[in-house]
Amino acid sequence: KKKMGRVFEVMMQYKYFIVPFGVWFFIQLFKLIYDLVTTKQFNFKRILGAGGMPSSHSAVVVSLTTMIAKAEGLTSPVFGVALIFSFIVMYLLFY
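In what follows, the accompanying structure is described. Quantities reported herein were computed from a predicted structural model and do not represent experimental measurements. (Residues numbered from 1 in each chain as written. Predicted model: local features only at pLDDT ≥ 70, side-chain atom pairs only at ≥ 80, totals over all residues. Heavy atoms only, no water.)

## Things to note about a nonpolar patch on the surface
Residues Ile84, Ile88, Tyr91, Leu92, Leu93, Phe94 and Tyr95 make up a contiguous nonpolar surface patch of roughly 870 Å² in combined accessible area. Structurally, the position occupied by Ile88 is in helix α5 (residues 77–92). For Ile88, a relative accessible area of 46% puts it in the partly exposed group. (Patch = residues over 30% accessible without salt bridge, like charges linked within 9 Å, V, L, I, M, F, W, Y side chains within 5 Å. Areas by Shrake-Rupley, 256 points an atom, 1.4 Å probe, with all protein chains shown as cover. Salt bridge = Lys/Arg side-chain N within 4 Å of Asp/Glu carboxyl O. Helix = DSSP H or I, 4+ residues; strand = E, 2+ residues; numbered from the N terminus. Buried < 20%, exposed > 50% of the residue type's maximum accessible area, 1.4 Å probe, protein only.)

Next up, the structure:
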């Protein structure tokens, strides 16, 4: 039980890495499964490749921005930078 507490403590310490990576992984996994169901073919490039919807890039920056907003507040400079970064990433996805 003590070890689980330590694991949780480490996860909370590194949550700004763990959550976005988890979001990226599950978005990529969703794309792989969706592609498998719709085309009936396994395409390993979907797990590591970029492109397609839903956008893992957008999901990662939005998860970071949301976490920063919760931790620092909507008026913090860090949130402002994260929000602008998110907008830039999402804008560039269209080009």
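## A short note on the packing of aromatic side chains
With the rule as written, the count across this model stands at three aromatic pairs. Aromatic pair Phe25 and Phe26: ring centres 5.4 Å apart, planes at 75°, arrangement edge-to-face. The exposure class of Phe25 is partly exposed, given its relative accessible area of 33%. By relative accessible area, Phe26 is classed as exposed at 56%. (Phe/Tyr/Trp six-rings, centres within 6.5 Å; stacked < 30°, edge-to-face > 60°.)

## Remarks on the packing of helix α2 (residues 15–39) against helix α4 (residues 56–72)
The interhelical angle for the contact between α2 and α4, taken along N-to-C directions, is 150°, at an axis separation of 9 Å. Between α2 and α4, the crossing angle belongs to the class labelled roughly antiparallel. As α2 runs across α4, the sense of the crossing is right-handed. For the pair α2 and α4, contact is made by Lys15, Tyr16, Val19, Pro20, Val23, Trp24, Ile27, Gln28 and Lys31 and by Ser56, Ala59, Val60, Ser63, Leu64, Met67, Ile68 and Ala71, respectively. (Axes fitted to C-alpha atoms, helices over the stretch in contact; angles between N-to-C directions. Parallel < 35°, antiparallel > 145°, perpendicular 65-115°, else oblique. Left-handed = near helix turned anticlockwise from the far one by under 90°. Contact = heavy atoms within 4.5 Å.)

Taken by themselves, the reported measurements are silent on function.
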